Amino acid sequence: MIVSVSRRTDVPAFFGDWFIDKVQKGFVLVQSPYDNSLLYKVLLNPKVVDCFVFMSKNPAPFLPHLNYLDAQGYKYFFHFTLNPYDKSIEKNLPNKVALVETFKALSKRIGKEKVHWRYDPIIFGEEMGIAYHLCQFENFCNLLSSYTEKCFVSFLDFYPKVSKILSKNKFYAPTETAKIELLGKMETIAEKSGIELNMCGDANDYSHLGIKNDGCFSLGYLQNLLGEELQIGKDKSGRADCRCVEAVDVGTYGVCSHKCIYCYANGTSAEMDYKLSDYNPKSPILCGKEKPSHRVKLYSKNYSNITGQQKAF
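Residues numbered from 1 in each chain as written. Predicted model: local features only at pLDDT ≥ 70, side-chain atom pairs only at ≥ 80, totals over all residues. Heavy atoms only, no water.

What follows is about unusual backbone geometry. Cis rather than trans, the peptide bond between Val5 and Ser6 has omega equal to 0°. For Ser6, the location among the structural elements is in the loop between β1 (2-5) and α1 (11-14). Put simply, Asp120 and Pro121 share a cis peptide bond, and its omega is 0°. Take Pro121: it is sitting in strand β6 (residues 115-122). One non-glycine residue, Glu127, lies in the positive phi region at around 65°. Along the chain, Glu127 falls in the loop between β6 and α5 (130-144). Its identity as a non-glycine residue notwithstanding, Cys287 has a phi of 55°, on the positive side. (Helix = DSSP H or I, 4+ residues; strand = E, 2+ residues; numbered from the N terminus.)

Here it is in structure tokens:
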């Protein structure tokens, strides 16, 4: 089983103590995003977890917990989002100098092959066109070339939930011609830096530019990381163009205090404050409480996907 920690919120930045408590207890309860009364019990012991995938914009608070995961024999890697935007867009992130230092520290700690850089999303707006992104991307490549092997990019999605905010900030969707020009030049820069450029969740094929259309949780990468063959299918819960393998996410929507204005996962500030008021590191649910009205159902795929090792618990 591949466990995402998390696409729904930045667990390493804000909820590391909660997550490690759940690992120690051996399970987590995940609320269904479609049915508030339904909780899935996801087992977290090393017999069933093939790999944790940590998704974060600031994993610095989580670094002390890595010793425990290593001692227990868990395998894991990180997707580290590092963008050029200021606090008018990514409101509560540390400054870029500090984030670059965290990136380097994490890479030195676990190996550059386990820290994937995300330049994501690519935003077009006033003073943020092709020249802007090429300059910023090259600067980051120069800083990170010794600390990562892969970079994942995608363009900003104008989800209905945040479209008004994006339009107010005069962000716009680039033409396909602009995308091709930018991506082609980014690939040249990445190649010179020894970084493999990957497109994330895009319907278009940019392989003619030398860019891989690979999943963030790709089968090939996971098998190389684990040194094992996996029997696992495509993630059906993601976007239609997502190429990731199946993973269970243990996060919760609406509780990320980074408050990036393009984020589709958060609601209003009042909704976030209400959810965060329920945060308890000892609770089996992230920012929630188990209630008598809840129905608890064992997650159906609590087993290892390593070939020949599948066994339900």
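And the narrative resumes.
This brings us to the pattern of salt bridges. Under the criterion given, the structure shown has 16 salt bridges. Across the salt bridge formed by Lys185 and Glu181, the nearest N and O atoms sit 3.2 Å from each other. Taken together, the positions of Lys185 and Glu181, both in helix α7 (residues 176-192) and 4 residues apart, correspond to about one turn of that helix. The class for Lys185 is partly exposed, based on a relative accessible area of 39%. Glu181 sits in the partly exposed class, given a relative accessible area of 37%. As a salt-bridge pair, Lys212 and Glu196 come within 3.4 Å of each other at their nearest N and O atoms. Separated by 16 residues along the polypeptide, Lys212 in the loop between β8 (196-199) and α8 (219-226) and Glu196 in strand β8 bring together distant segments of the chain. Taking the relative accessible area as the measure of exposure, Glu196 reaches 25% and is therefore partly exposed. Several salt bridges converge on common partners, so that one network encompasses Asp21, Lys22, Lys25 and Lys282. (Salt bridge = Lys/Arg side-chain N within 4 Å of Asp/Glu carboxyl O. Buried < 20%, exposed > 50% of the residue type's maximum accessible area, 1.4 Å probe, protein only.)

Moving on, we get to the nonpolar core. Core analysis: the biggest nonpolar cluster contains 65 residues, and Phe19, Phe52, Leu69, Trp117, Phe137 and Met186 have the highest contact counts within it. Each residue touching Phe52, except ones within four places of it in the same chain, is listed here: Val3, Val5, Phe19, Val23, Leu44, Leu69, Tyr74, Lys75, Tyr76 and Phe77. Val53, Cys216, Tyr221 and Cys244 belong to the second largest nonpolar core, which has 20 residues in total. (Core = buried A, V, L, I, M, F, W, Y, C linked by side-chain atoms within 4.5 Å. Contact = heavy atoms within 4.5 Å.)

Another point: the packing of aromatic side chains. For any pair of aromatic rings, geometry is given as the distance between the ring centres together with the angle between the planes. Counted by the stated rule, this structure contains 20 aromatic pairs. Summarising the aromatic geometry, the rings of Phe54 and Phe62 are spaced 4.9 Å apart at their centres and angled 50° between planes, so their arrangement reads as tilted. According to the relative accessible area criterion, Phe54 is buried, its value standing at 0%. For the ring pair Phe77 and Tyr221, a centre distance of 4.8 Å and an interplane angle of 70° mean the geometry is edge-to-face. Placement of Phe77 in strand β5 (residues 76-81) and of Tyr221 in helix α8 is noted, with a sequence separation of 144 residues between them. Phe77 sits in the buried class, given a relative accessible area of 0%. Each residue in the set Phe19, Phe52, Phe54, Phe62, Tyr74, Tyr76 and Phe78 is aromatic and connected to the rest through ring pairs, giving one cluster. Lying over the aromatic face of Phe27, Lys41 brings its terminal NZ or CZ to 4.6 Å of the ring centre. (Phe/Tyr/Trp six-rings, centres within 6.5 Å; stacked < 30°, edge-to-face > 60°. Lys NZ or Arg CZ within 6 Å of the ring centre and 35° of its normal.)

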